[in-house]
Amino acid sequence: MTEIEKVLYTGRTHTTGGREGASRSSDGRLDIQLSSPGSSGPGTNPEQLFAAGWSACFIGAIGKAAGERKVALPIDLAVDAEVDLGSGAGGYLLRARLNVSLPGIDRDTARALVDRAHQTCLYSKATRGNIDVTIDIV
């Protein structure tokens, strides 16, 4: 495992009540109610938060890959992330799909950007080998 040489940022949250609780960041910019997936509760759930974080990070990684290749990205670039919570022989499991929209970018270039982003995105690195991940260009 590669060691961190310099901490650039630390996200801090305080969560109470688990999936039916609340979470607040130390700076107050995040203050949300939590609800279990599929419930009628008022809040979001960890799978939605994970999908939002991963898709945002992945867009940043696509931007870095595009910069390396000197490719202009479309303003309507989007990543639709789907994170499944399931169960199997090993207990609860996650599975994910990232559907990447790069309008106006030819398919070969889009695939190269997405493949490079998947190598550099921090969420992709963290999940590699741990959960089933599919990345499609739509």
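In this text the structure is predicted, and so the values were computed from the model without any measurement.

> Give me the lowdown on the sheet that holds strand β1 (residues 13–16), citing residues and values where you can.
Pairing in this open sheet of 3 strands is antiparallel, and the strands run β1-β2-β3 from one edge to the other. Every other strand in the sheet has two partners, leaving β1 and β3 (31–33) as the edge strands with one partner each. Adjacent strand axes in the sheet meet at a mean angle of 10° when their direction is disregarded. Bridge count for strand β2 (residues 22–25) against β3 is 3 bridges, and the pairing is antiparallel. Residue pairing for β3: A22 is matched across the bridge by Q33.

> Let's hear about the packing of aromatic side chains: which residues, and what values?
Summed over the entire model, instances satisfying the criterion amount to 2 aromatic pairs. Arranged with centres 5.7 Å apart and planes meeting at 55°, the rings of F50 and Y123 form a pair that is tilted. One end of the pair, F50, is in helix α1 (residues 46–69); the other, Y123, is in helix α3 (residues 122–127), and 73 residues separate them in sequence. Counting every residue linked through ring pairs, the aromatic cluster contains F50, W54 and Y123.

> So what about the state of the cysteines? Which residues, and what values?
Going through the model one piece at a time under the given rule, you end up with 0 disulfides. C121 provides the cysteine sulfur closest to C57, a residue in no disulfide bond, and the two sulfurs are 3.1 Å apart. For C121, a relative accessible area of 1% gives the class buried.

> A description of α1 should follow, citing residues and the corresponding values.
Each full turn of the α-helix corresponds to 3.6 residues, which orients residues three or four apart in the same direction. Taking 1.5 Å as the rise per residue, α1 with 24 residues should run 34 Å; its terminal C-alpha atoms sit 34 Å apart, in good agreement. Turning to α1, its buried residues number three or more, namely E47, A51, G53, W54, S55, C57, F58, A61, I62, A65 and A66. Lining the buried residues of α1 we find β4 (78–88), β5 (91–101), α2 (107–120), α3 and β6 (132–137). One side-chain oxygen of the residue at the start of α1 lies 3.0 Å from the amide nitrogen of E47, identifying that residue as N45. Looking one or two places after α1, you find K70, whose phi comes out positive at around 55°.

> Go over the nonpolar core with me, naming the residues and quoting the values.
Core analysis: the biggest nonpolar cluster contains 20 residues, and F58, I62, V100, L102 and V114 have the highest contact counts within it. Of all the secondary structure elements, the ones that give two or more residues to this core are α1, β4, β5, α2 and β6. For this core, the leading source of residues is α1, giving 6 residues. With sequence-adjacent residues up to four places away left out, I62 is seen in contact with L73, L77, V79, V100, L102 and A117.

> A description of the packing of α1 against α2 should follow, citing residues and the corresponding values.
Packed helix pairs are specified by the crossing angle of their axes together with the interaxial distance, meaning the distance between the axes. Relative orientation of the contacting elements α1 and α2 amounts to 120°, with a least axis distance of 8 Å. Taken together, the axis directions place α1 and α2 in an arrangement best described as oblique. The element α1 and its partner α2 pack so that their crossing is right-handed. In contact with F58, A61, I62, A65, A66, E68 and R69 of α1, α2 contributes A112, L113, V114, R116, A117, H118 and T120. Along the lines of polarity and charge, the residues of the contact of α1 with α2 split into 9 nonpolar, 2 polar and 3 charged.

The rules behind these values
- Residues numbered from 1 in each chain as written.
- Predicted model: local features only at pLDDT ≥ 70, side-chain atom pairs only at ≥ 80, totals over all residues.
- Heavy atoms only, no water.
- Pairing = 2+ DSSP bridges.
- Helix = DSSP H or I, 4+ residues; strand = E, 2+ residues; numbered from the N terminus.
- Axes fitted to C-alpha atoms, helices over the stretch in contact; angles between N-to-C directions.
- Phe/Tyr/Trp six-rings, centres within 6.5 Å; stacked < 30°, edge-to-face > 60°.
- Disulfide = S-S within 2.5 Å.
- Buried < 20%, exposed > 50% of the residue type's maximum accessible area, 1.4 Å probe, protein only.
- Expected span 1.5 Å × (residues − 1).
- Contact = heavy atoms within 4.5 Å.
- Polar contact = N/O pair within 3.5 Å; in protein donor to acceptor, adjacent residues only side chain to side chain.
- Core = buried A, V, L, I, M, F, W, Y, C linked by side-chain atoms within 4.5 Å.
- Parallel < 35°, antiparallel > 145°, perpendicular 65-115°, else oblique.
- Left-handed = near helix turned anticlockwise from the far one by under 90°.
- Nonpolar A, V, L, I, M, F, W, Y, C, P; charged D, E, K, R; others polar.

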